[in-house]
Amino acid sequence: NYPELYSLTKQIIIDGDSVSYVPSDPVISLGTIHGIFREENEKCNVHNRIYEHILYDHMMMRIFRETASKRPSDYNFAGNFTVKDKGLDFEKVILKFQLFMKEQFSKKETKFVENNGRLLFLAFLKPIINGYGFDFKEVQISDERRMDIVVTFLNNKYVVELKVWRGEAYHKKGLTQLSDYLEKQNINKGFLIIFDFSKNKKWKHSRVVIDKKEICMVWV
């Protein structure tokens, strides 16, 4: 009902922007009155983690409805991804997501993808894990760093990072960071989805081993 409030909430939850808490600002005031925002260390934050999760899911489903005409169910039927140990073939999940993005989103929609890439992936993922698993966004670990997404499915855990392509140096730094996350979580394999908005983008798929941790990557 309040586009400016929705936009600011999305900016905080999805984009991770740091917004100063200014109680006289009409949008921040409106969010505070409705119990969405609170002040923490002079920053405007969502009131609590439960609200954050609910609002995140709300925004995710909004993106899902906007893309439903493109029949994502043709790509993300849950039964296509389970394996014998009752876990997920998560490399297959990100490859199917790559295919979905390649076939359904044209260059004209680049800005939409850039603004909503993570929500698109979560909307794609939801039917696959629904009833058997959960996804956790920006999970806090030691030394105040955060992983992008952690997916649990029955007794299995999968770590997924979503990055924007900003050149080779930034990419290598991201790989090292993800390898470190995997070490802290005692996981041997991680996954990286790279949103490449350059004119010469290639829909690549590759694997690399960093400090004995295997990382599977796709470019979308």
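Bear in mind that the values here come from a model prediction, so they are computed numbers and not experimental data. (Residues numbered from 1 in each chain as written. Predicted model: local features only at pLDDT ≥ 70, side-chain atom pairs only at ≥ 80, totals over all residues. Heavy atoms only, no water.)

S.K.: Just to check I follow, could you spell out the overall build of the chain for this structure?
M.R.: Each helix and strand counted, the chain has six helices and eight strands in total. In the chain, the share of contacts with a sequence separation of at least 24, taken over all contacts with a separation of at least 6, comes to 59%. If you sum the accessible surface of the chain, you get close to 12500 Å²; carbon and sulfur atoms cover 50% of it. (Helix = DSSP H or I, 4+ residues; strand = E, 2+ residues; numbered from the N terminus. Contact = heavy atoms within 4.5 Å. Areas by Shrake-Rupley, 256 points an atom, 1.4 Å probe, with all protein chains shown as cover.)

S.K.: What should I look at first to understand the pattern of salt bridges in this one?
M.R.: Pairing of side chains with opposite charge becomes possible as their charged atoms draw close. Counted by the stated rule, this structure contains ten salt bridges. Between D135 and K126 there is a salt bridge, and its shortest N-O distance comes to 3.6 Å. Across the salt bridge formed by K213 and E183, the nearest N and O atoms sit 3.4 Å from each other. Taken as a pair, K213 in strand 8 (residues 213-219) and E183 in helix 6 (residues 168-184) lie far apart in primary sequence, 30 residues in all. Linked through salt bridges whose partners overlap, the residues forming this network are E91, K189, R207 and E214. (Salt bridge = Lys/Arg side-chain N within 4 Å of Asp/Glu carboxyl O.)

S.K.: Explain the nonpolar core here, please?
M.R.: Nonpolar side chains tend toward joint burial in soluble globular proteins. Counting residues in hydrophobic clusters, the biggest one holds 49 residues, and the most contacted among them are F90, F97, M101, F121 and I193. No other element matches helix 5 (residues 110-129), which puts ten residues into this core. The contact partners of M101, leaving out residues within four places of it in the chain, are V113, L120, F195, W203 and V220. (Core = buried A, V, L, I, M, F, W, Y, C linked by side-chain atoms within 4.5 Å. Buried < 20%, exposed > 50% of the residue type's maximum accessible area, 1.4 Å probe, protein only.)

S.K.: Explain helix 4 (residues 90-104) here, please?
M.R.: In an α-helix, one turn spans 3.6 residues, which is why side chains three or four residues apart end up on the same side. Given a rise of 1.5 Å per residue, 15 residues ought to cover 21 Å, and the 21 Å separating the end C-alpha atoms of helix 4 matches this to within 8%. Among all positions of helix 4, only F90, E91, V93, I94, F97, Q98, F100 and M101 are buried. (Expected span 1.5 Å × (residues − 1).)

S.K.: So what exactly am I meant to see when it comes to the packing of helix 4 against helix 5 here?
M.R.: Each packed pair of helices is defined by two parameters, the angle between the axes and the distance between the axes. Their axes nearest at 11 Å, the elements helix 4 and helix 5 cross at an angle of 130°. What the angle tells us is that helix 4 and helix 5 run oblique. When the axes of helix 4 and helix 5 are compared, the crossing they make is right-handed. Where helix 4 abuts helix 5, its residues F90, V93, I94, K96, F97, F100 and M101 lie against V113, G117, L120, F121, F124, L125 and I128. (Axes fitted to C-alpha atoms, helices over the stretch in contact; angles between N-to-C directions. Parallel < 35°, antiparallel > 145°, perpendicular 65-115°, else oblique. Left-handed = near helix turned anticlockwise from the far one by under 90°.)

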